[in-house]
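Listed below are the residues making up each chain.
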Amino acid sequence: MLRDINNITLDRKDKRNIALILTAALLIKLILAFTLTADLRSDSLDYHKLAISMVKSGEYSLDGKPTASSTIGYPLFIAGVYALTGPDQLYVRIAQSLLEVLTGLLFLMFCLKFFDKKRAITALAIFTFFPSNILFTQTLLSESLFGLLALVILYYFYGEKIDGKIFIIGLIAGYAFLVRSSFMFSMLIFPLALFVYSRKYFEGFKTKRLKRALQYTVYFFAGAAIVVLPWLIRNKIVLNTYSVGTHGGSTFWSGSNPDATGTWYHKIEDTNPIFNIQDEAERDKAFYKAGMEYALKNPHKFAFVGIKKLVYFFSSERMVLLYFTPGEGRARTSTEVYRSINPLITALLNLPYFAVMILGTWGLMLVNKRRFILYGYVFTWLLTFFIFVALARYHYVLIPLFVIGTVKFAVENRFRLGNFSLKQKIFGFSDCLFFIAVWAAEFYLVYK
């Protein structure tokens, strides 16, 4: 039975509506789990193999070779499912569908930090039935798991006080980092918030508040270190590198080389002999070195490609649709495969995404509560993919925040522009024009 949340009283009708939303979404996901098929390939295939390796041999190896090409967080989750059910992706889909019920409840609790209960339930419905949200639960990709962990951390730091539980939040943040190493920059926003909002979090004079902020920062990083350090030590012992993952170099170089497009491009592994280096730690270092040398010698080109990375980052929901298309190796480009998908399905996935991104852009500017956390989280996530290579599915992490922005603008503000300053209007219109230009150019190239 749902209890009252954040000291806001939920009546019987509210609880019934919440239960109906979450139950209906769960049923849809479970039906898809049994009816939707997908070939395991690329990242999903690697996660699958790594999980099987952990279950069968207790080793983190890919095709019989110890590796750190993928961080351990998500394969460990899959291995936990496989240990109970056997190596079938169906059970991962079911587990993620159930996990999304918790994510939905947590999202509702987070929304109640910004809205009354009626608008919070509206936001829950938009988020829960968001098409790509539903589909990502049916993939062997880390989006669903990371989304839950990120919401736990965000919710805690939007609380009224910081206490000893921050050590547990640090543990969760450490695991989130192992699920998605791209969380590295965004993770730093939260301890910084202790200093920015020390007056809200802590009582007493300024010196006392700063000491408390420093104390809890240590607790946060201590928790994260307990989770991350064993993985780093394992990598040093097995692969002779303290790197959290040996994929960072290639993702950096892929966005910092003369042929860089901003994303992974067709047959990229044929373009550089570094890919042939067998020692993955040495390969990782070689890619970082090559990418850094190019960036330092060509800062203007690196910056220009960085903008192109953001173009790919905000492109349409193509990645989750491509996941469910038949695997063809490298016979066709992703654009060619995307073109072959039924346009009605493409529209069903993309129109809600377009609406949430545009409306959410305006609504997020209306959020006043702890902007440093909200804006800092978005900025650092974008910064990460300005530096490294970008894929369309990486924007999924920001969808919950843009849903909040959508409700803030469309439901609470009722589309009024009078509440925005001139600078906000310029930013809002510029951002929307950027989105429209990205999507128009993308679909022109797909269907020309």
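Note that the structure is a prediction, hence the values are computed from the model and not measured.

*Asks:* Could you give an account of the overall build of the chain, with specific residues and numbers?
*Replies:* Counting secondary structure elements, the chain contains 21 helices and two strands. On C-alpha atoms alone, the chain measures out to a radius of gyration of 22 Å, which is about the 22 Å that the 2.2 N^0.38 rule sets for 448 residues. When its C-alpha atoms are laid out on the principal axes, the chain stretches across 60 × 55 × 50 Å. Taken over 448 residues, the chain has a buried fraction of 54%. Nonlocal contacts in the chain, meaning residues at least 24 apart in sequence, comprise 76% of its contacts between residues at least 6 apart. For the chain, the exposed area adds up to about 20600 Å²; of that, 66% sits on carbon and sulfur atoms.

*Asks:* Give a description of unusual backbone geometry that names residues and reports values.
*Replies:* Phi at Ser42 takes a positive value of approximately 55°, unusual for a residue other than glycine. Mapped onto the elements, Ser42 comes out in helix α2 (residues 42–57). Despite not being glycine, Phe415 has its phi angle at roughly 65°, a positive value. Its place among the elements puts Phe415 in the loop between α20 (399–412) and α21 (422–447).

*Asks:* Describe the nonpolar core, and please don't skip the residues or the numbers.
*Replies:* With 120 residues, the main nonpolar core has Phe157 and Phe183 as its most contacted residues. Among the elements that line this core, the one with the most residues is helix α7 (residues 143–157), at 11 residues. With residues up to four places along the chain from it excluded, the contact list for Phe157 reads Ile162, Ile166, Ile169, Phe190, Leu194, Tyr201, Phe220, Arg370 and Ile373.

*Asks:* Please give an account of the packing of aromatic side chains that cites residues and values.
*Replies:* Per the counting criterion, the structure on display carries 49 aromatic pairs. Relative to Phe157, the ring of Tyr156 has its centre 5.4 Å away and its plane inclined at 90°; by these criteria the two rings are edge-to-face. You'll find Tyr156 and Phe157 in the same group, each marked buried. Taking the ring centre of Phe146 as reference, the NZ or CZ of Arg180 above it sits at 5.8 Å.

*Asks:* With reference to specific residues and values, describe the confidence of the model for the chain.
*Replies:* Put simply, the chain has an average pLDDT of 93, and 97% of its residues get 70 or more. Per-residue pLDDT, averaged within each element of the chain, yields its smallest value for helix α17 (residues 334–340) (87) and its largest for helix α8 (residues 166–179) (98).

*Asks:* How would you summarise α21 if you had to cite specific residues and measurements?
*Replies:* A rise of 1.5 Å per residue sets the reference length of α21, with its 26 residues, at 38 Å; its end C-alpha atoms lie 37 Å apart and thus fit the reference within 8%. Listing the buried residues of α21 in full gives Gln424, Gly428, Asp431, Cys432, Phe435, Val438, Trp439, Glu442, Phe443 and Val446.

*Asks:* Give a description of helix α14 (residues 280–297) that names residues and reports values.
*Replies:* Taking 1.5 Å per residue, 18 residues should reach 26 Å; α14 reaches 26 Å between its end C-alpha atoms and fits that length. Within the span of α14, buried status applies to Glu280, Ala281, Asp284, Phe287, Gly291, Tyr294 and Ala295. Considered in projection along α14, the buried side chains sweep an arc of 165° and stay on one side of the axis. Opposite the buried face of α14, by more than 90 degrees, sit the exposed residues Lys289, Leu296 and Lys297. Against β2 (65–66), α12 (206–239), α13 (248–253) and α15 (299–313) lie the buried residues of α14. Structurally, the start of α14 carries an N-cap: the backbone nitrogen of Ala281 is 3.0 Å from a side-chain oxygen of Asp279.

*Asks:* Would you mind going over a nonpolar patch on the surface in detail, with residue names and values included?
*Replies:* A contiguous nonpolar patch, built from Phe167, Ile168, Phe195, Leu210, Leu214, Val218, Tyr219 and Ile226 and spanning about 690 Å² of accessible area, is present on the exposed surface. Taken together, the elements giving at least two residues each to the nonpolar patch come down to α8 and α12. Tallying contributions element by element places α12 first for the nonpolar patch, with five residues. By the element assignment, Ile168 lies in helix α8. By relative accessible area, Ile168 is classed as partly exposed at 48%.

*Asks:* Lay out the pattern of salt bridges in plain terms, naming residues and giving numbers.
*Replies:* One pass over the full model with this rule turns up 15 salt bridges. Between Lys29 and Glu100 there is a salt bridge, and its shortest N-O distance comes to 3.8 Å. Of the two residues, Lys29 sits in helix α1 (residues 12–35) while Glu100 sits in helix α4 (residues 89–111), which places them 71 residues apart along the sequence. The class for Lys29 is buried, based on a relative accessible area of 3%.

*Asks:* Give a description of the side chain of Ser44 that names residues and reports values.
*Replies:* Among the secondary structure elements, Ser44 is positioned in helix α2. In this structure the side chain of Ser44 is engaged in a polar contact, spanning 3.0 Å, whose partner is the backbone oxygen of Leu140. Once residues lying within four places of it in the same chain are set aside, the contact partners of Ser44 are Leu140, Leu141 and Tyr323.

*Asks:* Tell me about the environment of Ile237, and please be specific about residues and values.
*Replies:* With respect to the helices, strands and loops of the structure, Ile237 is situated in helix α12. We classify Ile237 as exposed; its relative accessible area is 68%. Sequence spacing of Ile237 and Ile226 is 11 residues, and the spatial spacing of their C-alpha atoms is 17 Å.

Rules behind the numbers
- One numbering rule holds for all chains: residues counted from 1, following each sequence as written.
- Totals for whole chains, interfaces and linings use all residues, but because this is a predicted model, local features are given only for residues with pLDDT of at least 70 and pairs of side-chain atoms are given and counted only at 80 or more.
- Side-chain descriptors were evaluated using all non-hydrogen atoms of the structure, hydrogens and water having been removed beforehand.
- Strands are runs of DSSP state E lasting at least two residues, helices are runs of H or I lasting at least four, and both sets are numbered from the N terminus onward.
- Atoms counted for the radius of gyration: C-alpha only. Globule rule: 2.2 Å times residue count to the power 0.38.
- Three labels apply to residues, based on accessible area from a 1.4 Å probe with only protein chains included: buried if under 20% of the type maximum, exposed if over 50%, partly exposed otherwise in between.
- Should any heavy atoms of two residues lie within 4.5 Å, those residues are considered in contact.
- The Shrake-Rupley method, run with a 1.4 Å probe, gives the accessible areas here. Residue values count only the displayed protein chains as cover.
- For the purposes of this section, nonpolar cores are sets of buried Ala, Val, Leu, Ile, Met, Phe, Trp, Tyr and Cys residues that join through side-chain atoms within 4.5 Å.
- In this analysis, rings of Phe, Tyr and Trp, with Trp reduced to its six-membered ring, are considered paired at centre separations within 6.5 Å, and the interplanar angle assigns stacked below 30 degrees, edge-to-face beyond 60, and tilted for intermediate values.
- Here, a charge over a ring is recorded when the distance from Lys NZ or Arg CZ to the ring centre is within 6 Å and its angle to the ring normal is within 35 degrees.
- Every residue is assigned a pLDDT by the predictor, reflecting its confidence on a scale from 0 to 100.
- Each helix should span, by expectation, one fewer than its residue count multiplied by 1.5 Å.
- When we speak of the arc, we mean the arc of directions from the helix axis to the C-beta atoms.
- Here a polar contact is taken to be a pair of N or O atoms separated by no more than 3.5 Å, where protein atoms must pair a possible hydrogen donor with a possible acceptor and residues adjacent in sequence count only if both atoms sit in side chains.
- Nonpolar side chains (Val, Leu, Ile, Met, Phe, Trp, Tyr) are joined into patches within 5 Å and like charges within 9 Å, using only residues with over 30% relative accessible area and no salt bridge.
- The working definition used for a salt bridge is a side-chain nitrogen of Lys or Arg within 4 Å of a carboxyl oxygen of Asp or Glu.

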